[in-house]
Amino acid sequence: MSEKTSTCRNGDLCQLEPEINALKQEVEQLAELVSTDTLTGLYNYRYFSSAIMQELERSQRTGQATTLVMLDADHFKKVNDTWGHEIGNQALKLIASCIKSNIRKIDIACRYGGEEFAVILPSTDIVTSIQVAERIRAAVESSLLEIGEKDGEADSISLTISLGVSSYSNFQSDYDWHKLVEQADNELYQAKQQGRNQICYTPNETSDQQINDDEKSALFDMFRDPS
């Protein structure tokens, strides 16, 4: 009858294996804390600045576009002033949930700062990115935030967001990520100025095609989740 052999040849290492595994898990948890916004569970600005550089470099290698969506909660100061900072925090968490529910696993959602969020869409053209932005906008608009009870009934408020979209392709010689953020932020500002609860975008430099409201609606219907 053959004797059982241990997969670990060094007895001392075998004894230390549980501790080594525990340390590995602790390191992974610490790394996650460093890169995650504690309120929303999204990535934080520190992670964003690293990820956007990597994706633009990837675009240079692959020729596939990287698109950035910047979005901001509308009238957020009013929410805080009227219902308090805790309700404001709940509003940010609701927006974060809507973002996560409407992007792919490879997409990178971040809390950029305050009530502003950023979503990096790797290998995604401007047309598809506008569709993603519209799904997020519609999800926030259709969600209600419970704020307590009034006259014995649950009271709630609705939220809206404004979004700016800009895309980078490898034909552009300048791929400084700050420029991409600036473009998307400028589009976000335009969305605010034009009435909020809408999307503005930087047209793709390779095409003069403009995407009108009917085309946006058609795209939204095409990719809508039937569930």
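Above this note sits the structure.
The structure displayed is predicted, hence computed values, not measured ones.

**Re the pairing of strand β2 (residues 108–113)**
The buried count for β2 comes to 5 of 6 residues, which makes it a mostly enclosed element. Inspection of the sheet shows β2 paired to strand β3 (residues 116–121) by 5 bridges, in the antiparallel sense. Across the sheet, residue C110 finds its bridge partner in β3, namely A118.

**Some words on unusual backbone geometry**
Located in the positive-phi region is H75, a residue other than glycine, with phi close to 55°. In this fold, H75 is placed in the loop between β1 (66–73) and α3 (76–83). According to the relative accessible area criterion, H75 is partly exposed, its value standing at 46%. With a phi close to 50°, S123 is a non-glycine residue in the positive phi region. What makes S123 partly exposed here is its relative accessible area of 39%.

Calculation rules
Residues numbered from 1 in each chain as written. Predicted model: local features only at pLDDT ≥ 70, side-chain atom pairs only at ≥ 80, totals over all residues. Heavy atoms only, no water. Buried < 20%, exposed > 50% of the residue type's maximum accessible area, 1.4 Å probe, protein only. Helix = DSSP H or I, 4+ residues; strand = E, 2+ residues; numbered from the N terminus. Pairing = 2+ DSSP bridges.

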